[in-house]
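# Summary of structural features
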Amino acid sequence: MTRFRFLLIPILLLLVSCNDKKSVTTVNKKNVVEQTVKRQVPKMAPSAVSSKSVLTNAQITKNRDTFNYHIVAASYTNKKQANTFKSRLYQKGYPSIILEEKGRYRVILQSFNTKKSALKELYRLRKLNKTPDLWLLKQ
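Rules and cut-offs
- Within any chain, residue numbers begin from 1 and follow the written order of that chain's sequence.
- Totals for whole chains, interfaces and linings use all residues, but because this is a predicted model, local features are given only for residues with pLDDT of at least 70 and pairs of side-chain atoms are given and counted only at 80 or more.
- Side-chain figures throughout are based on the complete set of non-hydrogen atoms in the structure, without hydrogens or water.
- Secondary structure elements follow DSSP: runs of H or I of four or more residues count as helices, runs of E of two or more count as strands, with numbering from the N terminus.
- Three exposure classes are used, based on accessible area relative to the maximum for each residue type with a 1.4 Å probe and protein chains only: buried under 20%, partly exposed in between, and exposed over 50%.
- When checking whether two residues touch, look at their non-hydrogen atoms; a contact exists if any pair is within 4.5 Å.
- Note on areas: these come from Shrake-Rupley sampling with a 1.4 Å probe, and a residue is covered only by the protein chains present in the view.
- Here the nonpolar core consists of buried residues drawn from Ala, Val, Leu, Ile, Met, Phe, Trp, Tyr and Cys, with membership extended through side-chain atoms lying within 4.5 Å.
- Polar contact is defined as a pair of N or O atoms within 3.5 Å, subject to the rule that within protein one atom must be able to donate a hydrogen and the other to accept it, and that residues adjacent in sequence are counted only when both atoms are side-chain atoms.
- Every case where a carboxyl oxygen of Asp or Glu lies within 4 Å of a side-chain nitrogen of Lys or Arg is listed as a salt bridge.
- A helix is expected to reach a length of 1.5 Å times the quantity of its residues less one.

### Brief notes about the overall build of the chain
On a plain count of helices and strands, the chain comes out with five helices and five strands. Written out in order from the N terminus, the α and β elements of the chain read α-α-β-α-β-α-β-β-α-β. Looking at the chain as a whole, 24% of its 139 residues qualify as buried. Sequence-distant contacts, at least 24 apart, represent 73% of the contacts inside the chain between residues at least 6 apart. Split by element, the accessible area of the chain, about 11200 Å² in all, is 57% carbon and sulfur.

### Quick notes on the nonpolar core
Ranked by internal contacts, the top residues of the largest apolar core, which has 17 residues, are Ile 71, Ala 73, Phe 85, Leu 89, Leu 109, Leu 125 and Leu 134. Where this core is concerned, the elements lending two or more residues are β2 (69-76), α4 (79-91), β4 (104-112) and α5 (115-129). Those residues in contact with Leu 125, other than ones at most four positions away along the chain, are Ile 71, Tyr 94, Leu 109, Lys 130 and Leu 134.

### A few points about the environment of Asn 83
When you line up the elements, Asn 83 lands in helix α4. The class of Asn 83 is buried, set by a relative accessible area of 8%. Taking the C-alpha atoms as reference points, Asn 83 and Arg 106, 23 residues apart in sequence, are found 9.9 Å from one another.

### Let's talk about the environment of Thr 114
Here Thr 114 is to be found in the loop between β4 and α5. It is 7.3 Å that separates the C-alpha atoms of Thr 114 and Asn 68, two residues lying 46 residues apart in sequence. At 2.6 Å, the side chain of Thr 114 and the side chain of Ser 117 are in polar contact.

### Points about the pattern of salt bridges
Scanning all chains against the criterion turns up one salt bridge. One salt bridge in this structure joins Arg 124 and Glu 121, with 2.8 Å as the shortest N-O distance. One end of the pair is Arg 124 and the other is Glu 121, both in helix α5 and three residues apart, which spans about a single turn. Judged by relative accessible area, Glu 121 falls into the buried class, the value being 13%.

### Quick look at α4
Because the α-helix completes a turn every 3.6 residues, residues three or four places apart line up on one side. Taking 1.5 Å per residue, 13 residues should reach 18 Å; α4 reaches 19 Å between its end C-alpha atoms and fits that length. All of the buried residues along α4 are Ala 82, Asn 83, Phe 85, Lys 86, Ser 87 and Leu 89. Where α4 is buried, its residues meet β2, β3 (97-101) and β4. The N-terminus of α4 is capped by Asn 78, whose side-chain oxygen sits 3.0 Å from the backbone nitrogen of Lys 80. Looking one or two places after α4, you find Gly 93, whose phi comes out positive at around 100 degrees.

Structural measurements only, silent on function.
Structure (structure tokens):
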């Protein structure tokens, strides 16, 4: 009789666990787009050397009133390295610019006029990309 009980318990557990009805939700293309970053990855990256992508000090001074906070992805002393990193970001769907200041070439993802909005986007990008390397530059 005790053997029968020990045999009956695993069979009963198997039957109960098999009755779970799990539903699988279908994913629409529209649903996937809403859950992603909503950025399209370009098919071909632009050339790494672009005169429009580097801001001069005069342009930075002119725009300083509107954009004081910048999300920086990388900082280099070599312009070629900065352009290479910028093109890799562009291939991943992140258009960026290169800001030159005091011999440093900083690859800027986005710029903001308030610290609150800049920090909010910085934390979102860090969480989304799982990269703590992003940092905020105030000018």
